[in-house]
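# Observations on chain architecture
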Amino acid sequence: LEVMLGLIESSSRTTKRDIFYQHFCDFSSQKELDSLVAVIVAMVQVPRLLLGVVATSKGLVVGDLRYVNSEDVLVDCSLAVGGDSVPQDVVEMRNIETSAKFVLVVEKDAVFQRLLEEGLMSGHLPSMVMITGKGVPDLATRQLVYMLATQTGLPVMNMTDCDPY
């Protein structure tokens, strides 16, 4: 709680992993810290992001999507050759622009990269936004897909290997 209070007071953010490394003597494992953060979030009923604690984003996005990030930088995802990192602060994305016809979520990064190598974004298909969570998607990647579906009304298609493990 003390760390979160400090983050709120200083209007800064850090990752759960960083908290663990800075206070490794206080926790037996990363899992213990993760559970404690989840309990605090549930107790105060405030999203983790507002408490200054973020998860490291691992997802990638490419295609017909432009937005202004939290640092007032215009990001154009069509310029990202191998995909642009999904921002940690999806809720702070502004001025979202797209003329995409759909969102394609690709489960595996290897398939995502192969589709890019094969020229999927070269214009043979309708304009799209392609996203990968590199396996099990992190919170920021899930938030981006949700935001695109709800705010832009784009249909979302999913490409998975259907492996339950």
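## Things to note about the overall build of the protein chain
When you go through the protein chain residue by residue, the secondary structure sums to five helices and 10 strands. Taking the principal axes of the C-alpha coordinates as reference, the protein chain spans close to 55 × 40 × 25 Å. Considering the protein chain as a whole, with its 165 residues, one finds that 38% of them fall into the buried category. A sequence separation of at least 24 residues applies to 68% of the contacts in the protein chain between residues at least 6 apart. Only carbon and sulfur atoms are counted for the fraction: they give 56% of the accessible area of the protein chain, which is about 9,800 Å². A gap of 4 Å separates the mean positions of the 13 positive and 21 negative side-chain charges of the protein chain.

## Some remarks on the pattern of salt bridges
Tallied over the entire structure, the rule returns nine salt bridges. Put simply, Glu 97 and Arg 66 hold a salt bridge, and the shortest N to O gap is 3.6 Å. On the criterion of sequence distance, the pair formed by Glu 97 in strand 7 (residues 94-97) and Arg 66 in strand 4 (residues 66-68) is long-range, its members being 31 residues apart. Taking relative accessible area as the criterion, Arg 66 reaches 22% and is therefore assigned partly exposed. For Glu 118, the salt bridge identified is with Arg 114, shortest N-O distance 2.9 Å. Here Glu 118 and Arg 114 have matching classes, each one exposed.

## So, the sheet that holds strand 5 (residues 74-76)
The sheet built from three strands is open, its strands ordered 5-4-7 with antiparallel pairing. Of all the strands in the sheet, the pair left with one neighbour each is strand 5 and strand 7. Taken over all neighbouring pairs, the strand axes of this sheet differ in orientation by 10 degrees on average, direction set aside. When strand 4 meets strand 7, the two strands line up antiparallel, connected through two bridges. Following the sheet pairing, Val 68 is matched in strand 7 by Arg 94.

About the thresholds
- Every chain is numbered on its own, with residues counted from 1 as its sequence reads.
- In keeping with the model being predicted, local features are shown solely for residues with a pLDDT of at least 70 and side-chain atom pairs are shown and tallied solely at 80 or more, while totals for entire chains, interfaces and linings include all residues.
- Derived side-chain values reflect all non-hydrogen atoms in the structure, with water molecules and hydrogen atoms excluded from consideration.
- Strands are runs of DSSP state E lasting at least two residues, helices are runs of H or I lasting at least four, and both sets are numbered from the N terminus onward.
- For the exposure calls, accessible area comes from a 1.4 Å probe over protein chains only, and a residue counts as buried if that area is under 20% of its type's maximum, exposed if over 50%, partly exposed in between.
- Throughout, a residue-residue contact means that at least one pair of heavy atoms, one from each residue, lies within 4.5 Å.
- Every accessible area reported is derived by Shrake-Rupley at a probe size of 1.4 Å, with residue values counting cover from the shown protein chains alone.
- Residues scored as charged are limited to Lys and Arg (positive) and Asp and Glu (negative), so that His and the chain ends carry no count.
- For charged residues, the charge sits on one atom: NZ in Lys, CZ in Arg, CG in Asp, CD in Glu.
- Salt bridges are defined as contacts in which a side-chain nitrogen from Lys or Arg sits within 4 Å of a carboxyl oxygen from Asp or Glu.
- Strands qualify as paired when DSSP identifies two bridges or more between them.
- Geometry is summarised by axes, namely lines fitted to C-alpha atoms with helices restricted to the contacting stretch, and by angles between N-to-C directions that run from 0 to 180 degrees.

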